[in-house]
Amino acid sequence: MQSILLIGLNHKTAPVEIRECLAFSGEEASGAAAALKEKDSIDEVVLFSTCNRVEVLLTSSDPGRAAVEVKTFLAHFKQVPGERFEKALYVHQGEAAVRHVFRVAASLDSLVLGEPQILGQMKASYAAAVDLKSTGVVLNRLLHRAFFTAKQVRSETGIGDHAVSISYAAIELGRKIFGELSGKKVLLVGAGEMAELAIEHLIRNRSGELLVANRTFERGMSLAQRFRGKAIRFEEIPEALAQVDIIISSTGSPDFVIVPSHVKSVMRSRRNRPLFFIDIAVPRDIDPAINRISNVYVYDIDDLKGVVDDNIQDRKREAVKAERLVDEAVIKFRQWMENQAVVPTIVALRKKIEDIVDSEFGKTMPNLGTLSDSQQAAMARMKAALINKVLHYPTIFLKNGGCRPDKTASVGTIRKLFHLDEDV
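Note that this is a predicted model, so its numbers are computed, not measured. (Residues numbered from 1 in each chain as written. Predicted model: local features only at pLDDT ≥ 70, side-chain atom pairs only at ≥ 80, totals over all residues. Heavy atoms only, no water.)

What follows concerns the sheet that holds strand 6 (residues 210–213). Spatially, 6 strands are ordered 7-6-5-8-9-10 in an open sheet, and the strand pairing comes out parallel. Looking at the sheet topology across the chains shown, the edges are occupied by strand 7 (230–232) and strand 10 (296–300). Averaged over all pairs of adjacent strands, the angle between strand axes in this sheet comes to 20 degrees, irrespective of strand direction. Where strand 9 (residues 275–279) meets strand 10, 5 bridges bridge the pair, whose relative direction is parallel. Note on strand 10: the bridge partner recorded for Asp279 is Asp300. Sheet strands touched by helix 8 (residues 166–178): strand 8 (246–250), strand 9 and strand 10. Its angle to strand 9, the strand with the most contacts, is close to 170 degrees. (Pairing = 2+ DSSP bridges. Helix = DSSP H or I, 4+ residues; strand = E, 2+ residues; numbered from the N terminus. Axes fitted to C-alpha atoms, helices over the stretch in contact; angles between N-to-C directions. Contact = heavy atoms within 4.5 Å.)

What follows is the structure, given as structure tokens:
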């Protein structure tokens with residue numbers, strides 16, 4: 001009987017230096033999956049590789065041997081001694097493997113709870129496996145159900161509704177202030193990494209013109225070109241405040257870059273349109289006293305961290321609902337697997353009965369003389385009816401109530417009663 005097996009490591013079990021040693025590029029992953037499929041102990045296989053995990057999902061009738069072969073293969077393929085990563089590996093079998101796959105797809109096992117990227121990465125890995133023809137009935141069903149469950153978690157819980165990164169939290173706050181960010185003009189002061197990420201989020205929200213002010217003008221020009229914006233000199237910042245709606249600041253300045261006098265001088269010409277400052281610098285670039293000016297909003301790194309912490313707690317509460325949906329999906333998949341396990345026994349049982357009936361009819365028919373066509377048809381119908389009646393209750397027993405709670409035991413009983421394994 002086939003068993004589902006998952007072998008891997010992730011951000012919880014292995015440091016980045018181990019994960020990067022075992023990481024597979026897209027081309028490498030395809031080659032590795034194809035090579036694993038050739039192993040005698042492996043029937044179906046999919047390989048997942050992201051910056052936070054490397055996992056091999058497979059089916060096997062000899063999972064112990066398959067686990068050893070996968071570990072040996074990883075060491076050989078990536079030229080990394082097995083003892084360097086073996087302690088970081090986890091091995092899940094059967095229902096535990098199914099639950100793990102569903103939780104990963106639903107982003108319950110991610111570094112950032114609720115992040116959506118993992119689902120797309122899993123779908124890409126699965127598509128590559130399908131192209132290689134390394135999947136079959138079991139893994140196809142498992143991954144389709146995993147993707148369905150992930151979508152259900154996303155739509156029926158709020159696990160992905162709240163920003164849990166500093167840069168994205170800043171943009172969420174901006175959306176609350178302006179209603180929508182489409183067409184809003186942005187000034188980027190400095191070139192910090194989080195500020196750049198915030199700009200990327202703004203662009204996804206279809207923000208308008210981008211101005212970039214950096215102490216090194218050439219660096220400002222380079223960044224502006226990257227985001228299709230316009231570079232201005234640092235001295236032009238006060239004048240630019242009259243034009244823009246959102247200011248994201250991330251310089252290394254020891255002093256405030258923007259002070260209340262800069263803002264007060266432009267509010268009249270702005271006709272009190274809201275002005276939103278995102279100060280991601282430490283020390284701060286924006287004088288907090290600016291927050292006292294009407295229609296001006298200033299958020300610093302601590303404000304944003306507070307928002308993120310609150311949102312992480314919200315996601316954790318929603319994760320409880322998501323775990324329930326995963327539990328339901330695991331139970332349904334287990335029931336499907338149990339039914340799959342029954343099918344070969346039903347087929348073998350039918351063949352056994354058909355062989356017995358054919359043998360007995362073969363002994364009797366010569367004694368009946370020559371039969372007409374209609375008599376032969378009647379005998380054929382009788383044979384079919386006899387087989388169906390004999391199989392009726394054993395089949396019901398296997399498919400339904402007789403197989404609860406332990407379908408494996410019921411299958412074993414039928415196989416022993418009818419000597420289905422006598423030639424094995």
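The geometry of an aromatic ring pair is captured by the separation of the ring centres together with the interplanar angle, meaning the angle of the planes. Summed over the entire model, instances satisfying the criterion amount to 7 aromatic pairs. Here Phe178 and Phe276 contribute two aromatic rings whose centre-to-centre distance is 6.4 Å and whose plane-to-plane angle is 65 degrees, an arrangement assigned as edge-to-face. Of this pair, Phe178 sits in helix 8 while Phe276 sits in strand 9, placing them 98 residues apart in sequence. Residues Phe178 and Phe276 agree in their burial class; the two are buried. Relative to Trp336, the ring of Phe333 has its centre 5.4 Å away and its plane inclined at 35 degrees; by these criteria the two rings are tilted. Residue Phe333 and its partner Trp336 are located together in helix 13 (residues 301–364), separated by 3 residues, close to a single helical turn. Through pairs of rings, three or more aromatic residues link up here, namely Phe24, Phe73 and Phe77. (Phe/Tyr/Trp six-rings, centres within 6.5 Å; stacked < 30°, edge-to-face > 60°. Buried < 20%, exposed > 50% of the residue type's maximum accessible area, 1.4 Å probe, protein only.)

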